[in-house]
Each structure stands twice: as C-alpha cells, then as structure tokens.
Amino acid sequence: MKECKVRECVLIKEKLTDLSGYKIADRYSGLAKEVKIEMLKKMYQIRYFENEAEQFILKGMIYGTCHLYIGEEANAVGAINAIRKDDWIASHHRGHGHCITKGSDINIMMAELIGKGNGYCKGKGGSMHIADMDTNNLGANGIVGGGMGVAVGAALTNKLKKKDGVVICFIGDASTNTGIFHESLNLASVWKLPLIYYCENNQYGMSTAIKNSTNIKNLSERKASYGIEGVTIDGNNVVDVYNVVSYFAQECRAGKGPVLIEGLTYRHRGHSRHDQQFYRTKDEVEQWKEHDPIKRYQEFLIESGLLTADEAQKIENEAIADIKAAAVFAENSPYPDLKEVDTDVYAD
Amino acid sequence: MSELTYLEAIRDGIREVMKEDENVFMLGEDIGIHGGSFSLSSGLLAEFGPERIRDTPISEAVIIGAAVGSALTGMRPIAEIMFSDFIGCGMDQVLNQAAKVRYMFGGKGSVPMVLRAPTGGGSGFGPHHSQSLEAIFAAIPGLKVVMPSCAYDAKGLFISSVYDNNPVIFLEHKYLYKNKKYAQEVPAGIYTIPLGKGEIKRAGKDISIVASSYMVQKSLEAAEILYKEKQIDCEVVDIRTIRPLDIDIILESVKKTGKLMCVEEACSFGSFMGEVITQVTEKAFDFMDAPPLRIAGKDCPVPYSAILEQEMLPSIDKIKDGILKVLGKS
C-alpha cells in the first residue's frame, strides 16, 4: 500500500513491525478473500451513508446536527473487523462508521438520523446517540470522552464474569485532554482491563488543531503515564489498523491490560453542519484526500489481484444502491407517536 | 432481628445482596482494607474479596462511569462516593450517561446501579463535605433518589435500590450513621421497602409535616415536644424516596389535616420541598386552611464553625416555630 506522507508524524506501514519493539504479525494476509472484500464494501457503505446524511443536512431533513466520518472509514472497519461479534464497542459523536461496521442495519440508522419512530432510538437519540445493544454497541456519545467511563465498566464486566471479551473504546484526539481520559486510562491500567482505546486523531477538535491543544507529538505517548502499551499508526490504512488491533486484542484477551492506539486520519468534511473551516486550508484537505483510505485500499486489493477494477466498481455501485434504499426507507418511515415522548425514561 | 445503627443496617443490606447475587459488586475510594471513610464497608473485603470489593483511585468520574458501563453489560454495581459533594467531580457520568442512556437508546438497555453517598450537615465537615444536593439529582429524569430516615428503612430501601433496574442515588445521612439514639431493630436477611412509597411515621390530625432523611427524626422530636407542651397533634410523613415521589400519601395527609409544612436540610432556594409544595398547591389547594410553609437550610454553604452550622441548618426549635406559625399560634 502507498505510504501516507501528510505531516511528519504519520507513520508508515513498514515501520510497524519494529515499532516500539512490538512484533505485530501480519494477520491480514491470512484472512479469507471474502473478508478482505467485505472490508472494502463496509468502507464504501460508510462513505455513501455519510454522503447521504450530508444530503439530508442540505435538504434540512436533519434536525439539529450530525458529524460525518468521511475520510476516517479505515479506522472503524480495520479495528472492528479485528475483534469478535461478542466484543463490545463504545463510540463517540462521529459514530456512524462504528455502528455500521459493528453490524447495525443502515435502514434503521438512517431512520434515526431523520428522527423517525422506527429508528434505533425511536427518534429520541438522533445521530449522536445511536446505540445497538444487539450488536454489543454501547452507543455514540454527545459528550467528548463520554464513553470512556462506560467502556471501563464494560471491560470490568468481562473481567468479573471471567469472559475473554475485549472492549474497543473509540475516542477522538480532543478527548485526550479531558479529565475522564486520565481517570479512565489510569483505572483500566491499574485493574488490567481488556480495553483498547482507539484514538482517531483526525487532527482537529472542532476548529482547534490538536497540535495547538496538546504539547506532545503523538497522542499515544500518553501511554507512558499509565505504564501501558500503545502505538501511533496510519489510520487511513485499513490493513495496518486491522493488524495492530488484532495484535492488541489478543494481548488484552491474555490479560495484559489496556492499550492506547492512535490512528492518524482526517475528516474530509467540517466538524458538523455549520463549519466554514477557517482553521484549515484547501491544500491541506486536498493533500489528505490523496490518501483517501478507500482509494488506497481498493488500489491495494486490485494490485494484490484480489479484485478487478470492474468488480470494485460493482461494489461501489451496490453501496450507492443500498444507501439510496436506506434513504427511501427512512423517508417513508413514520414519525414517532407523540405518546412516546416520555416513555423509556425508566426501566421496569 | 437485632438492634442496628443506620450504618450497620446499610452494611447488612450490602452483605445480604452480595451473598444472594454474584453480579453485585462494590467500588469506591478506600472501601477495602480501610472500610470506607465511615467504616461502613468494614469487614466486607474480608468476606467478599478484592474482586468484589474494589478499591479505586480518587477518580469519581470513572467510578461512576464504570458503574454505568458494568450495569449496562449485566452487573449490579454499588458505587460509593465518599461524600455526596464529590459527585460533582463525576457529574457528567450521572447527568449525561447514567440518567439518559435508556431514553437515548430508545428503551433498550438499562442501568441497574446504586450510587451511594453520605450526605448532609451537622458534623462539622464544612462547605465541601456537608451539602444536601438531592434537588439537583431529583431534577434529572432517569434517576431515582432515595433518602432513608432510619435503620429499618435504610436496609429495606437499599436492597430495593440494588434490585431496581435504574440508576439510584442513595443518600445516607452521615449524622444518622452511628448515632445509637437512632438504632433500631432490623430483621436479618433480605427484605425490601418499595421505592416511591412514603410512610406516616407519626399519625396526627392538626398538621402534615413532610420530610425525609434526618429531618424526619428532627420533625418527630419537635412533634413530640409540641404534643406534650400544647397537645398539638402533628402527622409526620416520611417520603423516603425523593424521586419517584409518593405524592398521594402527602395529599391524603394534607386533605386530612388541612395544613402543610415541609422540612429539609438543603438550601431553600430551588429546593426539593418547593416541588412538594407546588404539587400540593396544584392538587389540593381547596383542602388547605393555611398557607404552606417550608423550613429549610439558609441560602448559604454549610459553614464549619458549630454555632454557624447550627444557625444554617433547620433545628427542632425552628421546626416548632414553623408549626406554630402555620397553625396561627405563634
């Protein structure tokens, strides 16, 4: 796969094998061809889901706000494919990609985005709160770092019930400066919990560049404070993400405690619906787009002889069709019954 | 059946549920070998081991967050925060996570956790260790808030709180903890008192006094004094649970006595008893023979110096004066 050379901090695939002395095996190569192709399909599905969500924003159908994952797809797809279905994830406000990859239904997700009664949260949560307990997804979260306590609890359940499950807690770069980041990593390290902190460093917390809010080069350096393992990887390279998360998931299952992975990535769109992006240049955006995770992975699959250009086009077309169908499903879905407004506050 | 203090009754409740349900565990600061700041969990580490009695760092946010996450995934955690004032350090986990998860998830998932914390003043702990914050928690839909007034209720309400499928803020009055005066016969084993059900702690015909926690005890004392001195017959309603609120027991009492006085330790402005008075006024105005009154803490932090603290908190004399005022006998 082609190297990603945007910004000096981006690490390159061949360095991974000797990175901090970790012997990260290439588990990706051993995957069945179907799984490798499926990963591309998921990435396309996320991309077009987000494109459609953007259309809904432009058409005024998304009430409130919505945060798009375009450009970051390799993180969710690589990481979640590296764990099991019965493993838990906790997500953040830019969470559609995690939800789709964990196995949620795109129709029901799309319905939630536009506030319909048959959405995942019956229209009560919206984009920032989609959760799916059936796929072991503890939900997106409207509070930066908000999932970091919950993830500790889920990992603690695994430990107390003597299960070998792991939890991936997806966080963004800006969450590493919250108080709960410290409390969460510290406690998880003291209790040696099976918890993978996967930090998607998309370079900005809203408009604030991470380099302006943080005095270290790589966020994974924070591992030193907790005596845990951690690496910074190319988050736009789905193969790397898969390999690294696979490696650390195994370490977690073996009881070695939490890990902090930083995936370097980039959001192609603004923070949310109203963002004129004064804080970055078009050049920077274009540079990162050259390292588009989907384009890179597709080229890799074609070069590896696993896929033809025609087959790739077919996969893309199918994703477009699936998402269009999801949008139609959502638009045709009923709004919530007003009687539902104050139900589900308490459990029986 | 044996005579237990309020603190011993809660400890007994913890022990009983931990023996019965292996999904119950406890986490908090210094709860293990030290037995907690008030020795409430004394002996539990020896009995249940460090996996289930988990000492944590001083990290209120992740203590509460871990309780939320473990509850969501099948456990029944009991999280202890050393003083209810410190919940402020982990408030996001209470306000935005614990309370809202079920609603945000469209009714899927539940958070069966108990957040225990000593509360209230009267012990000389000063502004950061003495507050009564129940109105803040009660104003958040999704939370239940329990404030027991006596040892028997404390154990029964605690066990109900553990088996409730919602996040329960269980506020224990630190002045009641070890006070032998308030020790009571408490049954051994498991028994429950339903959340959301108040109790008439003293039946009477002249005025309804509504209170919770330690203020129930003070109100009972004031009632006995006034009965002896002036044959005034007060009814003392212990609401026991702040949310859900048993408004029916209050309304029934007010319809009988025609008069309402509420007693609480919290600062009066924006207080929980303001809610009680509003509801009674909305629902039983025609039955009221006199304006309702609230005896509450003064609108300032709980001060350190003993004489200032007494001045800030409701006292038996202030409660007596309030009763006489409502009855037009002051």
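Keep in mind that this is a model prediction, so the values were computed, not measured.

### Looking at the overall build of chain B
Point 1. When helices and strands are counted, chain B shows 12 helices and 14 strands.
Point 2. Computed over C-alpha atoms, the radius of gyration of chain B comes to 19 Å, within 12% of the 20 Å expected from 2.2 N^0.38 for 330 residues, which places it in the range of a compact globule.
Point 3. Referenced to the eigenvectors of the C-alpha coordinate spread, the extents of chain B come out at roughly 60 × 45 × 40 Å.
Point 4. Within the span of chain B, comprising 330 residues, buried residues form 57% of the whole.

### As for the domain arrangement of chain B
Residues and elements named next belong to chain B.
Point 1. Taken domain by domain, chain B holds domain 1 (2-186) and domain 2 (199-326).
Point 2. Using C-alpha coordinates to define each centre, domain 1 is positioned 26 Å away from domain 2.
Point 3. In this assembly, 26 residues from domain 1 lie in contact with 24 residues from domain 2.
Point 4. Counted by class, the side of domain 1 that touches domain 2 contains 13 nonpolar, 10 polar and 3 charged residues.

### Concerning the sheet that holds strand S5 (residues 114-119) of chain B
Across a sheet, strands are paired by hydrogen bonds formed along the backbone, either parallel or antiparallel in direction.
Residue and element names in this part refer to chain B.
Point 1. Read across the sheet, 7 strands follow the order S3-S2-S4-S5-S7-S6-S12 without closing on themselves; strand pairing throughout is mixed. Strand pairing shows two members of the sheet lacking a second neighbour, strand S3 (53-55) and strand S12 (241-243), which therefore form its edges. Geometrically, the sheet is characterised by an average inter-axis angle of 20° between neighbouring strands, direction not taken into account.
Point 2. Direction of pairing for S5 relative to strand S7 (residues 168-173): parallel, over a ladder of 6 bridges.

### A short note on unusual backbone geometry
Point 1. With an omega dihedral of 0°, the bond running from Arg243(B) to Pro244(B) counts as a cis peptide bond.
Point 2. The phi dihedral of Lys122(A) is positive, around 55°, even though this residue is not glycine.
Point 3. By secondary structure assignment, the location of Lys122(A) is in the loop between helix H5 (106-113) and helix H6 (147-160).
Point 4. Among the residues examined, Lys122(A) registers 22 C-beta atoms within 10 Å and is labelled buried.

### Considerations on the pairing of strand S2 (residues 24-28) of chain B
Successive side chains on a regular strand alternate, one facing one side of the sheet and the next facing the other.
Residues and elements named next belong to chain B.
Point 1. Along S2, 5 of the 5 residues are buried, which leaves the element largely enclosed by surrounding structure.
Point 2. The side-chain alternation of S2 yields two buried faces, one formed by Val24, Met26 and Gly28 and the other by Phe25 and Leu27.
Point 3. In terms of strand pairing, S2 meets strand S4 (residues 76-80) through 5 bridges, oriented parallel. Residue pairing for S4: Phe25 is matched across the bridge by Pro77.
Point 4. Sheet analysis places S2 next to S3, joined by 3 bridges and oriented parallel.

Thresholds applied
Residues numbered from 1 in each chain as written. Chains lettered and ligands numbered in written order. Predicted model: local features only at pLDDT ≥ 70, side-chain atom pairs only at ≥ 80, totals over all residues. Helix = DSSP H or I, 4+ residues; strand = E, 2+ residues; numbered from the N terminus. Rg over C-alpha atoms; globule rule 2.2 N^0.38 Å. Buried ≥ 20, exposed ≤ 12 C-beta atoms within 10 Å, placed from the backbone. Domains from an automatic or database assignment. Contact = placed C-beta atoms within 7 Å. Nonpolar A, V, L, I, M, F, W, Y, C, P; charged D, E, K, R; others polar. Pairing = 2+ DSSP bridges. Axes fitted to C-alpha atoms, helices over the stretch in contact; angles between N-to-C directions.

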